[in-house]
Amino acid sequence: MNLPKQVRLVEVGPRDGLQNEQQPISVADKVRLVDDLSAAGLGYIEVGSFVSPKWVPQMAGSREVFAQIQQLPGITYAALAPNLKGFEAALEAGVREVAVFAAASEAFSQKNINCSISESLERFVPVMDAAKQHGIRVRGYVSCVLGCPYDGSVPPEQVALVARELFTMGCYEVSLGDTIGTGTAGSTRHLLEVVGRDIPRDKLAGHFHDTYGQALTNIYASLLEGINVFDSSVAGLGGCPYAKGATGNVASEDVLYLLDGLGIETGIDMDRLIAAGQRICTVLGKPSGSRVARARRV
Ligand SMILES: CC(C)(COP(=O)([O-])OP(=O)([O-])OC[C@H]1O[C@@H](n2cnc3c(N)ncnc32)[C@H](O)[C@@H]1OP(=O)([O-])[O-])[C@@H](O)C(=O)NCCC(=O)NCCSC(=O)C[C@@](C)(O)CC(=O)[O-]
């Protein structure tokens, strides 16, 4: 068994986890969540999005959140930016790392960012130029890599094409998003085999929603394929506003439990992570989506 010694978790709870919440969440509660996650030892936290507030109202306060979080040294605090306007807003807010996001399916691209895949890639070019000019690192996302809520199955070759475009234009890492969580260990391994022909595996990340309860299995399959970066969301918060019925990302606590059991180092404190999840779940008035957090609750 050839498993990595270290894995990096990209905590997307404050962004992917909260973006779909219908109830208002105060800036103070978002700040508290990010600070709790920093204290738990997460090395990378996606804090918010600089997208249109008409499209995703919950992310409207991202600027204020960035202004109030306590940024600890050695931790990356990132934000989504769908276009140059979003990038400039992120820059003004002091963000030092952004992510652009494309889709592997045309229908999802239209629903999510109101343009075709190729138009979205064109929009990212000025973002990449501006980011380079300002020394900002850019991560790339591809959504619907293992299925689309509108188009159904998505050919891995199509995913590879979009991922390659993002990588070639300068994204240092491309996160492959199973937006609706329909992937299996088999389809995940096949996808990575195809995408891995064009992009080194240490430049790929896995982003698994847990709708079908396959996320941990898919992470394990990805580990076996040489992937060592995974996106996850504390308490399994989230869902995508443009993927009806999709549940949240795989819970960070559950991924940590898996990795701990494999002897893989992350530097994350489980108790503090569980506490961070419990606090935000209390704010939201909902149970944690993490099996580990539910089992450990006192
Ligand atoms: C991309 C747009 C803006 C196109 O939206 P559009 O309506 O086509 O944009 P537009 O350029 O025609 O502008 C329309 C209005 O939006 C404003 N606008 C334009 N850009 C911005 C901006 N950056 N920030 C704030 N405002 C902006 C612009 O100024 C204008 O304002 P108005 O004149 O009407 O007052 C819109 O579709 C959008 O914001 N979409 C965001 C969708 C989103 O955030 N989805 C969730 C994140 S992706 C995800 O969750 C998947 C992922 C990453 O987790 C991986 C996975 O699981 O698959």
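These numbers come from a predicted model, not from an experiment.

**Q** What is the right way to look at the overall build of the protein chain in this model?
**A** When helices and strands are counted, the protein chain shows 12 helices and eight strands. C-alpha extents for the protein chain along the principal axes are approximately 50 × 45 × 35 Å. Looking at the protein chain as a whole, 55% of its 298 residues are labelled buried. Within the protein chain, contacts between residues at least 6 apart in sequence are counted, and of these 74% link residues at least 24 apart. Carbon and sulfur atoms make up 50% of the accessible area of the protein chain, which totals about 12,400 Å². Once the 27 positive and 32 negative side-chain charges of the protein chain are each reduced to a mean point, those two points are 2 Å apart.

**Q** I'm lost on the pattern of salt bridges in this one. Help?
**A** Any two side chains of opposite charge can pair, given that their charged atoms come close. Scanning the entire structure with this criterion turns up 14 salt bridges. Its salt-bridge partner being Glu-173, residue Arg-8 comes within 2.4 Å of it at the nearest N-O pair. Of this pair, Arg-8 sits in strand S1 (residues 8-11) while Glu-173 is found in strand S6 (residues 173-178), placing the two residues 165 residues apart along the sequence. Residues Arg-15 and Glu-46 are paired through a salt bridge, measuring 2.6 Å at the closest nitrogen-oxygen approach. Of the two residues, Arg-15 sits in helix H1 (residues 13-17) while Glu-46 sits in strand S2 (residues 44-49), which places them 31 residues apart along the sequence. Of the two residues, Arg-15 and Glu-46, both sit in the buried class.

**Q** Please explain the site of the ligand as it appears in this structure.
**A** Within the structure, the ligand sits among 25 residues, and Asn-83, Asn-112, Asn-114, Ser-143 and Thr-179 are positioned closest to it. Phe-50 places a main-chain nitrogen or oxygen 3.0 Å from a nitrogen atom of the ligand. Within the side chain of Asn-83, a nitrogen or oxygen atom sits 2.8 Å from a nitrogen atom of the ligand. Within the complex, 75% of the 1,100 Å² of free accessible area of the ligand lies under protein. Of all the secondary structure elements, the ones that give two or more residues to the shell around the ligand are H1, helix H4 (84-92), helix H5 (106-113) and strand S5 (137-143).

Calculation criteria
- Residues numbered from 1 in each chain as written.
- Predicted model: local features only at pLDDT ≥ 70, side-chain atom pairs only at ≥ 80, totals over all residues.
- Heavy atoms only, no water.
- Helix = DSSP H or I, 4+ residues; strand = E, 2+ residues; numbered from the N terminus.
- Buried < 20%, exposed > 50% of the residue type's maximum accessible area, 1.4 Å probe, protein only.
- Contact = heavy atoms within 4.5 Å.
- Areas by Shrake-Rupley, 256 points an atom, 1.4 Å probe, with all protein chains shown as cover.
- Lys, Arg positive; Asp, Glu negative; His and termini not counted.
- Charge placed at Lys NZ, Arg CZ, Asp CG, Glu CD.
- Salt bridge = Lys/Arg side-chain N within 4 Å of Asp/Glu carboxyl O.
- Near = heavy atom within 4 Å.
- Polar contact = N/O pair within 3.5 Å; in protein donor to acceptor, adjacent residues only side chain to side chain.

In short, the description is geometric, and any link to function would need to be established separately.
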